[in-house]
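What follows is the residue order along each chain.
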Amino acid sequence: MKFETPAGQNPIDQLKVVGRSTDRIDGKYKTTGTAPYAYERHDVVPNQAYGYVLGAGIAKGRLRGMDVAAAWKAPGVLAVLTTLDIPKLGLGKMNTANLFGGAEVQHYHQAIAVVVAETFEQARAASFLIRPDYAPEDGRFDLAAEARSAKPVGADSAEGSGGGPEDRVGDFEGAFAAAAVKLDETYTTPDETHAMLEPHATIAAWQGDRLTLWTSNQMIAWSKGSVAKILGIPPENVRVDSPYIGGGFGAKLFVRADAVIAALAAKAARRPVKLALTRPLIANNTTHRPATIQRIRIGATRDGTITAIAHESTSGNLPEGRPETAVDQTKLLYAGANRLTAMRLARLDLPEGNAMRAPGEAPGLMALEVAMDEMAERLGLDPVAFRVKNDTQVDPGHPERRFSHRDLVGCLRLGAERFGWARRSAKPGQVRDGQWLVGLGVAAGFRNNLLTKSAARVRLDGRGILTVETDMTDIGTGSYTIIAQTVAEMMGVSLDQVVVRLGDSDFPASAGSGGQWGANNATAGVYAACVKLREAVAQRLGVNSADAAFADGEVRAGNRGTPLAQAAAAGELVAEDGIEYGDIAKSHQQSTFAGHFVEVGVDVDTAEVRVRRMLAVCAAGRILNPKSARSQVIGGMTMGVGSALMEELAVDKKRGFFVNHDLATYEVPVHADIPHQEVIFLDEVDPMSSPMKAKGVGELGICGVGAALANAVYNATGVRVRDYPITLDKLLDRLPDAA
Amino acid sequence: MKAFTYERPGTPAEAAAAVARRPGAKFIAGGTNLLDLMKLQIETPTHLVDVNGLGLDRIEPTPEGGLRIGALVRNTDLAADARVRRDYAVLARALLAGASGQLRNQATTAGNLLQRTRCPYFYDTAQPCNKRQPGSGCSAIDGVSRTLAVIGTSDACIATHPGDMAVAMRVLDATVETVDAEGSQRTIPIADFHRLPGDTPHIETALKPGELITAVTLPKPPGGAQVYRKVRDRASYAYALVSVAVVVQPDGTGRVALGAVAHKPWRLEAAEAELPRGARAVTERLLAGAKPTHENAYKLKLAERTLGAALTQARA
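Computed from a predicted model, the values in this text were never measured in an experiment.

As for the overall build of chain A
Right, on to step 1. Looking only at helices and strands, chain A features 17 helices and 36 strands.
Right, on to step 2. Taken over the C-alpha trace, chain A has a radius of gyration of 27 Å; the compact-globule value for 739 residues is 27 Å, and the two agree within 12%.
Right, on to step 3. Overall size of chain A, expressed as C-alpha extent along the three principal axes, is 80 × 75 × 50 Å.
Right, on to step 4. Going through the 739 residues of chain A one by one, you find that 66% of them count as buried.
Right, on to step 5. Taking the intrachain contacts of chain A between residues at least 6 apart in sequence as the baseline, contacts between residues at least 24 apart amount to 80%.
Right, on to step 6. When the accessible surface of chain A is totalled, it reaches about 24900 Å², and 50% of it is carbon and sulfur.
Right, on to step 7. Positive and negative side-chain charges in chain A, numbering 80 and 86 respectively, have mean positions lying 1 Å apart.

Things to note about the overall build of chain B
Right, on to step 1. Helices and strands together make up the secondary structure of chain B, namely 11 helices and 11 strands.
Right, on to step 2. Radius of gyration (C-alpha) of chain B: 19 Å, near the 20 Å computed for a compact globule of 316 residues.
Right, on to step 3. Projected onto its principal axes, the C-alpha coordinates of chain B cover approximately 55 × 50 × 30 Å.
Right, on to step 4. Looking at chain B residue by residue over its 316 residues, the buried ones come to 59%.
Right, on to step 5. Counting contacts in chain B only where the partners sit at least 6 residues apart, residues at least 24 apart contribute 62% of the total.
Right, on to step 6. Accessible surface, chain B as shown: approximately 12200 Å² in total, 51% of it carbon and sulfur.
Right, on to step 7. Within chain B, one finds 39 positive and 31 negative side-chain charges whose respective centroids are separated by 4 Å.

A word on the domain arrangement of chain A
Residue and element names in this part refer to chain A.
Right, on to step 1. In terms of domains, chain A is made up of domain 1 (2-35 + 451-587), domain 2 (38-138 + 197-285) and domain 3 (402-449 + 590-739).
Right, on to step 2. For domain 1 versus domain 2, the separation of C-alpha centres amounts to 36 Å.
Right, on to step 3. Each side of the interface is counted separately: domain 1 has 21 residues, and domain 2 has 18 residues.
Right, on to step 4. Of the roughly 1400 Å² buried where domain 1 meets domain 2, counting both sides, 53% is carbon and sulfur surface.
Right, on to step 5. The largest contributions to the domain 1 side of the interface with domain 2 come from Ala35, Ile475 and Ser505, which together make up 32% of the buried area.
Right, on to step 6. Summed over the shared surface of domain 1 and domain 2, the number is 2 salt bridges.
Right, on to step 7. Between Asp506 and Arg239 there is a salt bridge whose closest N-O contact spans 3.6 Å.
Right, on to step 8. Counting across the interface, domain 1 meets domain 2 through 7 residue pairs in polar contact (both at pLDDT 80 or more).
Right, on to step 9. Residue classes in the side of domain 1 that touches domain 2 are distributed as 8 nonpolar, 7 polar and 6 charged.

Thoughts on the sheet that holds strand β26 (residues 498-502) of chain A
Residues and elements named next belong to chain A.
Right, on to step 1. The strand order across the open sheet built from 5 strands is β1-β30-β24-β25-β26, with neighbouring strands paired in mixed fashion. Of all strands in the sheet, those bounded by a partner on one side alone are β1 (2-3) and β26.
Right, on to step 2. In the sheet, strand β24 (residues 454-460) pairs with strand β30 (residues 573-581) via 7 bridges, with the strands oriented antiparallel. In the strand pairing of β30, Ala455 is matched with Gly578.

Some details on the UniProt feature "domain: Aldehyde oxidase/xanthine dehydrogenase a/b hammerhead" (unreviewed entry) in chain A
Right, on to step 1. Those residues carrying the UniProt feature "domain: Aldehyde oxidase/xanthine dehydrogenase a/b hammerhead" (unreviewed entry) are residues 32-138 of chain A in this numbering.
Right, on to step 2. Summarising residues 32-138 of chain A: 12% helix, 33% strand, and an end-to-end C-alpha distance of 50 Å.

Considerations on helix α11 (residues 298-315) of chain B
Right, on to step 1. When the terminal C-alpha atoms of α11(B) are compared, their 26 Å separation across 18 residues agrees well with the 26 Å that a helix rising 1.5 Å per residue should span.
Right, on to step 2. Of all the positions in α11(B), only B:Tyr298, B:Lys299, B:Leu302, B:Ala303, B:Glu304, B:Arg305, B:Thr306, B:Leu307, B:Ala309, B:Ala310, B:Leu311 and B:Ala314 are classed as buried.
Right, on to step 3. Looking at the buried residues of α11(B), the elements they touch are α17 (728-731) of chain A together with β9 (225-231), β10 (242-248), β11 (254-259) and α10 (279-286) of chain B.

Some remarks on the sheet that holds strand β7 (residues 131-136) of chain A
Residue and element names in this part refer to chain A.
Right, on to step 1. If you walk across this open sheet you meet the 3 strands as β5-β3-β7, and the pairing is antiparallel. Because the sheet does not close on itself, it has two edges, and the strands there are β5 (104-105) and β7.
Right, on to step 2. Direction of pairing for strand β3 (residues 61-67) relative to β5: antiparallel, over a ladder of 2 bridges. Paired with Gly61 across the bridge in β5 is Val105.

Points about the interface of chain B and chain A
Right, on to step 1. If you look at the interface, chain B gives 35 residues, while chain A gives 42 residues.
Right, on to step 2. Buried area between chain B and chain A, both sides added, is near 3100 Å², and the carbon and sulfur share of it is 53%.
Right, on to step 3. For chain B, the biggest contributors to the area lost against chain A are B:Asp233, B:Arg234 and B:Arg305; these three give 22% of the whole.
Right, on to step 4. Where chain B packs against chain A, one counts 7 salt bridges.

Some details on unusual backbone geometry
Residue and element names in this part refer to chain A.
Right, on to step 1. With an omega of -5 degrees, the peptide bond between Tyr724 and Pro725 qualifies as cis.
Right, on to step 2. Tracing the sequence through the fold places Pro725 in the loop between α16 (705-717) and α17.
Right, on to step 3. A positive phi is found at Asp552, a non-glycine position, where the angle reads about 55 degrees.
Right, on to step 4. With respect to the helices and strands, Asp552 occurs in the loop between β27 (549-551) and β28 (554-557).
Right, on to step 5. With a relative accessible area of 62%, Asp552 lands in the exposed category.
Right, on to step 6. Although it is not a glycine, Ala607 adopts a positive phi angle of roughly 65 degrees.
Right, on to step 7. Within the element layout of this structure, Ala607 appears in the loop between β32 (591-603) and β33 (609-619).

Notes on the packing of helix α12 (residues 479-491) of chain A against helix α13 (residues 518-541) of chain A
Residue and element names in this part refer to chain A.
Right, on to step 1. Packing of α12 against α13 leaves a shortest axis separation of 9 Å and a crossing angle of 30 degrees. On the basis of the axis angle, α12 is roughly parallel to α13. For the crossing formed where α12 meets α13, the hand is right-handed. Contacts from Ile482, Ile483, Thr486, Val487, Met490 and Met491 of α12 reach α13 at Ala519, Thr523, Val526, Tyr527, Cys530, Val531, Leu533, Arg534 and Val537.
Right, on to step 2. Per-class residue counts for the contact of α12 with α13 are 12 nonpolar, 2 polar and 1 charged.

A short note on the UniProt feature "domain: FAD-binding PCMH-type" (unreviewed entry) in chain B
Right, on to step 1. The feature "domain: FAD-binding PCMH-type" (unreviewed entry), as annotated in UniProt, sits at residues 1-223 of chain B in this numbering.
Right, on to step 2. Counted over residues 1-223 of chain B, helix gives 26% and strand 16%. Its end C-alpha atoms are 46 Å apart.

Overview of helix α15 (residues 626-645) of chain A
Right, on to step 1. Given a rise of 1.5 Å per residue, 20 residues ought to cover 28 Å, and the 28 Å separating the end C-alpha atoms of α15(A) matches this to within 8%.
Right, on to step 2. Summarising burial for α15(A): 15 of the 20 residues are buried, a large majority.

A word on the pattern of salt bridges
Right, on to step 1. In total, this model carries 81 salt bridges over all chains according to the counting rule given.
Right, on to step 2. Of the charged contacts, one joins A:Glu667 and B:Arg234 as a salt bridge, the two residues approaching to 3.9 Å between their closest N and O atoms. One end of the pair, A:Glu667, is in the loop between β35 (657-658) and β36 (677-681); the other, B:Arg234, is in the loop between β9 and β10, on a second chain.
Right, on to step 3. Accessibility expressed as a relative area gives 11% for A:Glu667, which makes it buried.
Right, on to step 4. Look at B:Arg234 and you get buried, because its relative accessible area is 4%.
Right, on to step 5. Note that B:Glu60 is salt-bridged to B:Arg58, the shortest N-O span being 3.7 Å.
Right, on to step 6. Judged by its relative accessible area of 30%, B:Glu60 falls in the partly exposed class.

Some words on the nonpolar core
Right, on to step 1. Within the largest apolar cluster, 120 residues are counted, with the highest numbers of intra-cluster contacts made by A:Val600, A:Leu645, A:Leu709, A:Leu731, B:Val246 and B:Leu258.
Right, on to step 2. Those residues in contact with B:Leu258 that sit more than four places away from it in its chain are B:Val167, B:Ser243, B:Val244, B:Pro265, B:Trp266, B:Leu286, B:Leu287 and B:Ala303.
Right, on to step 3. The next biggest cluster of nonpolar side chains, apart from the first, holds 52 residues, and it includes A:Ile482, A:Tyr527, A:Ala529 and A:Ala568.

Structural notes on the environment of A:Leu437
Residues and elements named next belong to chain A.
Right, on to step 1. Locating Leu437 in the fold gives a position in strand β23 (residues 436-448).
Right, on to step 2. Linking Leu437 and Ala607, residues 170 residues apart in sequence, is a C-alpha distance of 9.1 Å.
Right, on to step 3. With sequence-adjacent residues up to four places away left out, Leu437 is seen in contact with Val431, Arg432, Val600, Gly601, Val602, Val604, Ala716, Thr717 and Leu735.

Digging into the pairing of β24(A)
Residues and elements named next belong to chain A.
Right, on to step 1. Among the 7 residues in β24, 6 count as buried, and that is most of the element.
Right, on to step 2. Note that β24 and strand β25 (residues 466-470) share 4 bridges and pair antiparallel. Its bridge partner being in β25, Leu460 is matched across the sheet by Leu466.
Right, on to step 3. Hairpin connection of β24 to β25: 5 residues between the antiparallel strands, including Gly464 at a positive phi of 85 degrees.

Criteria and cut-off values
Residue numbers run consecutively from 1 along every chain, following the written order of its sequence. As a convention, the first chain written is A and the first ligand written is 1, with the rest following in written order. At least 70 in pLDDT is required for a residue's local features to be given in this predicted model, at least 80 for side-chain atom pairs to be given and counted, and no such filter applies to totals for whole chains, interfaces and linings, which use all residues. Where side-chain values are given, they derive from all heavy atoms of the structure, hydrogens and water being excluded. The secondary structure listing takes helices from DSSP runs of H or I that are at least 4 residues long and strands from runs of E that are at least 2 residues long, numbered from the N terminus. Here the radius of gyration uses the C-alpha set of atoms, whereas the globule reference equals 2.2 Å times the residue count to the power 0.38. Each residue's exposure class comes from its accessible area (1.4 Å probe, protein chains only) as a fraction of the maximum for that residue type: buried when under 20%, exposed when over 50%, partly exposed otherwise. Residue contacts are counted whenever heavy atoms from the two residues lie within 4.5 Å of one another. Per-residue and other accessible areas follow the Shrake-Rupley method at a 1.4 Å probe size, with only the shown protein chains counted as cover for residues. In this count, Lys and Arg are taken as positive residues and Asp and Glu as negative ones, while His and the chain termini are left out. To locate a charge, take NZ of a lysine, CZ of an arginine, CG of an aspartate or CD of a glutamate. Those domain boundaries reflect an automatic or database domain assignment. We define buried area as the total accessible area lost by two parts upon association, computed with a 1.4 Å probe and summed across both. Take a side-chain nitrogen of Lys or Arg and a carboxyl oxygen of Asp or Glu: if they are within 4 Å of each other, that pair is a salt bridge. Any pair of nitrogen or oxygen atoms within 3.5 Å is treated as a polar contact; in protein, a donor-acceptor pairing is required on top of that, and neighbouring residues in sequence qualify only through side-chain atoms on both sides. The residue classification treats Ala, Val, Leu, Ile, Met, Phe, Trp, Tyr, Cys and Pro as nonpolar and Asp, Glu, Lys and Arg as charged. All others, Gly included, are polar. A pair of strands counts as paired when DSSP detects no fewer than two bridges linking them. UniProt positions are given in the numbering used here, feature names are shortened, and annotations may be inferred rather than shown by experiment. Each helix should span, by expectation, one fewer than its residue count multiplied by 1.5 Å. Helix axes are fitted only over the stretch in contact, all axes being lines through C-alpha atoms; the angle between N-to-C directions runs from 0 to 180 degrees. Here is the rule for angles: anything less than 35 degrees is roughly parallel, anything more than 145 is roughly antiparallel, 65 through 115 is roughly perpendicular, and the remaining ranges are oblique. Working rule for handedness: look at the near helix, and if it is turned counterclockwise from the far one by less than a right angle, call the crossing left-handed; if clockwise, right-handed. Working definition of a nonpolar core: buried Ala, Val, Leu, Ile, Met, Phe, Trp, Tyr and Cys residues. They are joined through side-chain atoms within 4.5 Å.

Below, the structure written as structure tokens:
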């Protein structure tokens with residue numbers, strides 16, 4: 001099905017099932033421990049052996065050799081395969097560093113060997129007996145030091161944001177110089193790790209030259225192709241299966257070492273091999289969100305009209321790596337005739353930087369939305385009013401492009417009302433509640449809505465059961481449930497008549513899970529398949545599909561109602577189709593919007609920052625399942641608290657690695673950090689997004705939260721911290737003397 | 001984890017003898033720290049002597065009016081004990097500020113005293129660390145050190161003792177009771193139990209090889225207002241950046257110990273004479289001679305302000 005013009009009325013608009021808060025249909029399996037994750041799929045293939053991956057102990061250099069004799073002799077060992085045993089493997093989609101093979105060490109904990117044994121403990125113990133002989137080389141590990149030599153680079157994030165090395169509209173420098181009120185500040189964000197609960201894990205088995213990977217991956221079709229390319233085998237010989245995923249956040253967008261090394265190890269051991277990356281390896285072996293240094297300049301007239309806005313970001317990566325696209329939202333979020341955005345990339349020899357939840361916007365808004373707060377103060381304007389004043393309904397760089405639907409102003413105004421924004425003291429450091437200095441902060445949230453093709457197959461059997469098959473993934477987001485809701489709505493059945501099967505590369509290729517594009521596109525693909533199935537049903541029952549109504553398990557045409565199951569009485573009906581998009585995203589800008597509000601307390605003695613309450617008001621098209629969408633948004637808000645207050649991969653700038661590579665030292669929020677969250681969805685549809693009229697929301701939840709929190713800390717204390725995370729040591733010196 | 005043998009002896013003296021007999025043997029109690037370290041091969045015991053079944057899990061009054069806490073009393077049970085809550089509130093509060101409910105259910109009194117540092121370099125076997133591998137060097141001194149020690153450090157090590165319980169034990173003047181392989185018993189004042197790193201940061205306590213902690217004894221209740229204040233980057237389930245244990249008497253005298261600033265709970269009785277002059281005077285004395293890194297110098301000010309808050313709370 002080609003989607004080229006805005007959606008008209010369609011069966012989804014009935015909203016009998018879609019749009020209603022629905023418990024996740026996979027929830028009972030997850031809460032009872034019966035949803036098998038990759039490492040737990042003991043039954044898929046017999047005789048599984050255990051692999052254990054060894055990471056390099058240097059940040060850069062070469063391996064002169066590796067003594068594996070003791071490891072081979074260790075109890076239970078079936079195979080030892082080292083990176084020196086094979087040539088350097090090719091790269092999969094979006095990989096920057098090589099996952100295995102060859103003598104070069106490009107970053108710390110890059111995989112250099114795998115041990116296969118009868119038990120996990122034997123494999124792990126034997127891995128400690130391997131003696132690598134390194135020839136270390138000097139590397140570059142300090143972004144601030146390398147920033148001076150960073151080069152302008154254009155790129156996209158693989159998740160929809162991006163641009164040229166330098167993009168200009170009008171005359172930024174001239175307008176900024178002439179502006180009556182100006183701001184020129186620099187903000188930094190640290191490296192972050194995804195810290196999803198389920199590690200990267202794979203079981204690999206060969207049958208002749210055919211490979212099956214039971215793994216944990218967000219993008220099945222990408223992965224199938226990447227595995228084939230990396231291993232040099234035909235894609236049709238690769239099957240990837242990933243029905244349950246314990247979080248990904250972008251860490252599992254691409255094929256990583258677990259999948260590739262499990263495949264190689266299974267070949268070497270002539271046994272199916274299962275392995276998981278250990279928590280310490282995840283920080284340095286896999287990808288992370290790169291640190292940024294962001295300079296923002298804003299010029300405005302005295303009444304608060306922005307006349308000039310510039311956002312420049314410098315990040316680092318391995319050679320051939322891409323920059324963090326932190327400036328992208330600044331092209332679209334506010335009006336202003338003169339604009340400059342630029343990205344620079346420094347070469348670093350730290351592990352590979354890549355996509356993490358809302359790449360680009362998440363760190364970009366942490367800078368931009370603090371700059372807006374600072375500018376509002378300079379102008380003597382309320383931060384909500386300043387943002388409303390500079391709202392735009394068109395792409396400021398291309399005014400002929402309107403937003404398909406944009407209600408940022410509605411988010412901010414409703415949020416201000418619900419949050420009690422009017423009670424905020426404009427002057428910082430004024431509100432005290434016992435030991436707490438209390439402050440309120442606001443920020444806009446912004447994330448693009450991406451259209452990407454997605455296919456599905458729907459089967460109707462003689463009992464009236466509908467089974468959907470698509471390689472779409474559920475990374476904890478609720479994909480199973482919204483797909484079931486879509487089928488139930490389209491075919492006029494209840495949810496318990498629908499079976500959803502996901503994550504298998506033998507199924508039609510979907511949008512996958514990334515860039516908050518999964519929900520809208522995957523359900524639109526299922527919609528397309530259902531339209532085709534409705535036609536097949538109508539034909540089988542001898543009715544005109546245009547006249548047929550599908551409701552209550554029946555197909556009704558005129559006065560006649562026939563049970564849906566009867567259409568498959570003579571044999572299963574199968575329909576396969578997908579959604580593809582025309583130029584609709586070119587003519588109109590599709591984005592999602594939020595108003596984030598945060599109240600914090602800052603301990604007057606210790607400067608500990610604790611969140612007191614949070615609110616997000618989101619405008620993101622039709623919300624397919626308010627319950628699971630809310631879960632996505634509060635998860636994003638929680639991650640935003642982490643990024644603002646505690647998350648930081650600490651770089652050892654001499655030895656070249658992320659030091660705090662476990663969850664005891666890389667802190668993310670715990671329950672006690674998140675006392676109260678509220679989410680409001682504006683009641684809206686976006687007919688330009690798809691027949692579902694929905695947009696993404698899973699990444700919108702994090703976009704802007706960190707800045708709202710930072711602004712609340714300023715409002716509480718009068719201390720502006722422009723260097724994330726806002727830990728107490730950055731506030732302590734500047735707090736007033738304790739009482 | 002290296003393969004190891006395992007036994008469950010019948011008495012504390014047998015346990016001590018079992019460890020003394022076997023090079024590379026270790027006691028295991030709750031295992032909340034040891035097992036993690038074994039998985040990473042930071043600890044590689046060849047033999048584990050399980051002391052969980054030795055009956056060392058009672059809290060009993062002493063003739064002197066104090067409490068004798070068995071080595072195997074779980075953190076949860078100790079924090080919930082009515083006598084501890086009433087008479088040694090600083091200890092109950094310190095325990096509840098540590099770890100998580102699940103860990104406190106498993107962690108023991110003696111094991112808590114023996115928990116090892118959380119210096120990130122200690123946890124990475126590819127990096128030099130004098131504590132893990134004597135003579136290999138210290139990565140932390142010129143590396144990532146924001147959470148590490150500011151006083152009592154050496155050129156060999158700037159690790160901290162990471163615990164909360166021991167800080168309260170220090171302010172309460174606890175003593176550690178032990179038995180050795182010959183069955184002889186001794187008591188070690190808590191002040192002397194943990195060592196400063198010096199040139200031997202791998203030797204962390206006064207225990208001799210094979211010596212087993214049987215109990216920790218608290219003297220009679222100190223009275224006064226007791227406060228434990230733990231400062232951390234998140235609201236729960238995190239190690240302290242700085243912690244403060246205070247006992248303040250109605251006449252203004254009292255005791256102060258700091259956590260997360262040194263290789264041991266940090267207390268100088270001489271500094272307590274400054275209590276009437278306030279937190280700044282106390283911490284100036286207590287932290288005189290501190291040698292922070294540029295990343296952890298904030299701890300000096302944080303200690304002063306946290307002590308100020310704790311004193312205000314104690315006097316309220």
